[in-house]
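Take a look at the letters that make up each chain.
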Amino acid sequence: MTNPCLPECGVARFLTLLNGPWATLIVRELLKGTHRFTELRQALPGISPHTLTSRLRQFETYGIVTRTTYAEIPPRVEYELTPLGAGLSDVLDAMATWADSVPVPEDT
């Protein structure tokens, strides 16, 4: 059974889950391994805390990312891709390969 909030079409579903450039770039960073919130912000110059929090929560809701909180002082929170999220590696690799094949326009 599909989630009624997500489109039936796989491409539309993908675009809904990874909406906007930040979502894909967050996944790219998490493919490198577990990150703390601050590490993700530093790796993604220009992203606002609100946007990063929003995307991470959405990913957590759909099982793409796990959020682990450690009972320390100060508290430590780490984000990691689930196996479902790690499956995006091939997708991002294909996107990069395709993008590299696009010719650079000549100056006119």
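Residues numbered from 1 in each chain as written. Predicted model: local features only at pLDDT ≥ 70, side-chain atom pairs only at ≥ 80, totals over all residues. Heavy atoms only, no water.

Let's talk about the overall build of the protein chain
Our working rule: Secondary structure elements follow DSSP: runs of H or I of four or more residues count as helices, runs of E of two or more count as strands, with numbering from the N terminus. Type-normalised accessible area, obtained with a 1.4 Å probe on protein chains alone, sets the label of each residue: buried when under 20%, exposed when over 50%, and partly exposed for intermediate values. It only takes one pair of heavy atoms within 4.5 Å for two residues to be counted as in contact. Accessible surface area values rest on a Shrake-Rupley calculation with a 1.4 Å probe, where residue burial reflects the displayed protein chains alone.
Within the protein chain, the secondary structure is distributed over 6 helices and 3 strands. Taken from N to C terminus, the helices and strands of the protein chain fall in the order α-α-β-α-α-β-β-α-α. If you line up the protein chain on its principal axes, its C-alpha atoms span 60 × 40 × 25 Å. A buried classification covers 28% of the 108 residues belonging to the protein chain. Long-range contacts, defined as pairs at least 24 residues apart, comprise 47% of the intrachain contacts of the protein chain with a sequence gap of at least 6. Carbon and sulfur atoms provide 58% of the accessible area of the protein chain, an area that totals close to 7400 Å².

Concerning the packing of aromatic side chains
Note the following rule: Classification of ring pairs rests on two measures: the distance between centres of Phe, Tyr or Trp rings, Trp counted by its six-membered ring, which must be within 6.5 Å, and the angle between planes, read as stacked under 30 degrees, edge-to-face over 60 and tilted in between. Comment: the charge-over-ring label is applied if NZ (Lys) or CZ (Arg) is within 6 Å of the ring centre and within 35 degrees of the ring normal.
A complete count under the given rule lists 0 aromatic pairs for this structure. Positioned over the ring face of Y70 is R76, at 3.8 Å from the centre of the ring.

Let's talk about the nonpolar core
Condition: Buried Ala, Val, Leu, Ile, Met, Phe, Trp, Tyr and Cys residues that are joined via side-chain atoms within 4.5 Å together make up what is termed a nonpolar core.
Core analysis: the largest hydrophobic core is formed by 18 residues, its most contacted members being I26, V27, L30, L56, F59, V65 and Y79. Those elements giving two or more residues to this core turn out to be α2 (20-30), α4 (49-61), β3 (76-81) and α6 (88-101). The element that contributes the greatest number of residues to this core is α2, accounting for 4 residues. Discounting residues that sit within four places of it in the chain, F59 has contacts with L17, L18, A23, I26, V27, I64 and V65.

Description of the environment of W22
Its place among the elements puts W22 in helix α2. With 77 residues separating them along the chain, W22 and A99 place their C-alpha atoms 17 Å apart. Setting aside residues no more than four positions away along its own chain, W22 makes contact with L44, P45, G46, I47 and T51.

Focus on the packing of α2 against α4
What counts, and what does not: To obtain an axis, a line is fitted to C-alpha atoms, over the contacting stretch when the element is a helix, and the angle between two such axes runs from 0 to 180 degrees between their N-to-C directions. With respect to orientation, any angle under 35 degrees is reported as roughly parallel, any angle over 145 as roughly antiparallel, any angle of 65 to 115 as roughly perpendicular, and every other angle as oblique. Just so you know the grouping, Ala, Val, Leu, Ile, Met, Phe, Trp, Tyr, Cys and Pro go in nonpolar, Asp, Glu, Lys and Arg go in charged, and all remaining residues, Gly too, go in polar.
At their nearest, the axes of α2 and α4 sit 10 Å apart, and the two run at 70 degrees to each other. Here α2 lies roughly perpendicular to α4, going by the angle between them. Contacts from W22, A23, I26, V27 and L30 in α2 reach T51, L52, R55, L56 and F59 in α4. Of the residues belonging to the contact of α2 with α4, the class tally is 8 nonpolar, 1 polar and 1 charged.

With respect to the pattern of salt bridges
Just so we agree on the cut-off: By definition here, a salt bridge exists when the distance from a side-chain nitrogen of Lys or Arg to a carboxyl oxygen of Asp or Glu is within 4 Å.
If you walk through the whole model with that rule in mind, you get 4 salt bridges. Linking E29 and K32 is a salt bridge whose minimum nitrogen-to-oxygen distance equals 3.2 Å. For K32, a relative accessible area of 61% translates into the label exposed. Linking R76 and E72 is a salt bridge whose minimum nitrogen-to-oxygen distance equals 2.9 Å.

Points about the sheet that holds strand β1 (residues 35-36)
The condition is simple: What makes two strands pair is DSSP finding at least two bridges between them.
Taken together, the 3 strands give an open sheet; going across it, the order is β1-β3-β2, and neighbouring strands pair in antiparallel fashion. Two strands bound the open sheet, and with one partner strand each, they are β1 and β2 (65-70). Across 2 bridges, β1 lies against β3 in antiparallel orientation. Counted as the bridge partner of R36 is E78 from β3. Packed on one face of the sheet, α2 meets β1, β2 and β3 and runs near 95 degrees to β3.

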